[in-house]
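# Per-entry structural report
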Amino acid sequence: MSKIVIGLLGLGEVGSVVAEALLSRGHRVKAWDINFARPGSRASVNLASHPKLESVEAASQLASGCTVLISMVTAGNAKDAARSIIAGVDVETFYLDLNSVSPECKYEMAAMMASCGARFVEAAIMAPIHPKGMDAPVLLGGAW
């Protein structure tokens, strides 16, 4: 049985927790963060601490071959992050947005993903990621 390929857009505090949990379950996980270019950044340090995590050199490369994409960037970057990967998104890919943004922004990102046949899933983490990690409750919504 082949494992799904999961792409992480953002490898900050939440992204690192998600990466660790997915890798520990044997999934193939790829990541891209705008801060990978800055040595010593939280994203670069998190990448170095997960040796099985694959990184890509550009956001546009992240989506290729992924069944699921999870966006965990800052609210101000959510729409640009979605736009940066859209060219590589495959039909029926799930795009899970964990960013705290306005409903209008969510609708715009959903339309972006729908334009290439992807399925947009809105997600809201309902508790701090620490100490619960992947046991933090999450509400999901979307027309998948």
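Now for a look at the structure at hand. What you see is a predicted model, and the numbers here were worked out from it, not measured in a lab.

### A closer look at the pattern of salt bridges
- Throughout the structure, instances matching the rule amount to 5 salt bridges.
- The salt bridge partner of Asp-80 is Arg-83, with a shortest N-O separation of 2.7 Å. Pair noted here: Asp-80 and Arg-83 are both in helix α4 (residues 78-85), with a separation of 3 residues, about one helical turn.
- For Arg-83, a relative accessible area of 43% gives the class partly exposed.
- Among the salt bridges present, the one from Arg-119 reaches Glu-92, with a minimum N-O distance of 2.8 Å. Taken together, the residues span a long stretch of sequence, with Arg-119 in strand β6 (residues 119-125) and Glu-92 in the loop between α4 and β5 (94-97) at a distance of 27 residues.

### Digging into the nonpolar core
- Ranked by internal contacts, the top residues of the largest apolar core, which has 23 residues, are Leu-69, Ile-85, Val-89, Tyr-95 and Met-109.
- Looking at this core, the elements that each hand over two or more residues are β1 (5-9), α3 (59-62), α4 and α5 (103-115).
- Those residues in contact with Ile-85 that sit more than four places away from it in its chain are Leu-9, Ala-59, Leu-62, Ala-63, Leu-69 and Tyr-95.
- One finds Leu-47, Leu-53, Met-72 and Leu-96 within the second-largest nonpolar core, a separate group that totals 20 residues.

### Side note on the pairing of strand β2 (residues 28-32)
- Burial within β2 is extensive, with 4 of its 5 residues counted as buried.
- Relative to β2, β1 is paired through 5 bridges, and the arrangement is parallel. What sits directly across from Ile-6, in β2, is Val-29.
- Crossover handedness for the path β1 to helix α1 (residues 13-24) to β2: right-handed.

Procedures and definitions
- Residues numbered from 1 in each chain as written.
- Predicted model: local features only at pLDDT ≥ 70, side-chain atom pairs only at ≥ 80, totals over all residues.
- Heavy atoms only, no water.
- Salt bridge = Lys/Arg side-chain N within 4 Å of Asp/Glu carboxyl O.
- Helix = DSSP H or I, 4+ residues; strand = E, 2+ residues; numbered from the N terminus.
- Buried < 20%, exposed > 50% of the residue type's maximum accessible area, 1.4 Å probe, protein only.
- Core = buried A, V, L, I, M, F, W, Y, C linked by side-chain atoms within 4.5 Å.
- Contact = heavy atoms within 4.5 Å.
- Pairing = 2+ DSSP bridges.
- Right-handed = clockwise from strand over helix to strand, strands pointing away.

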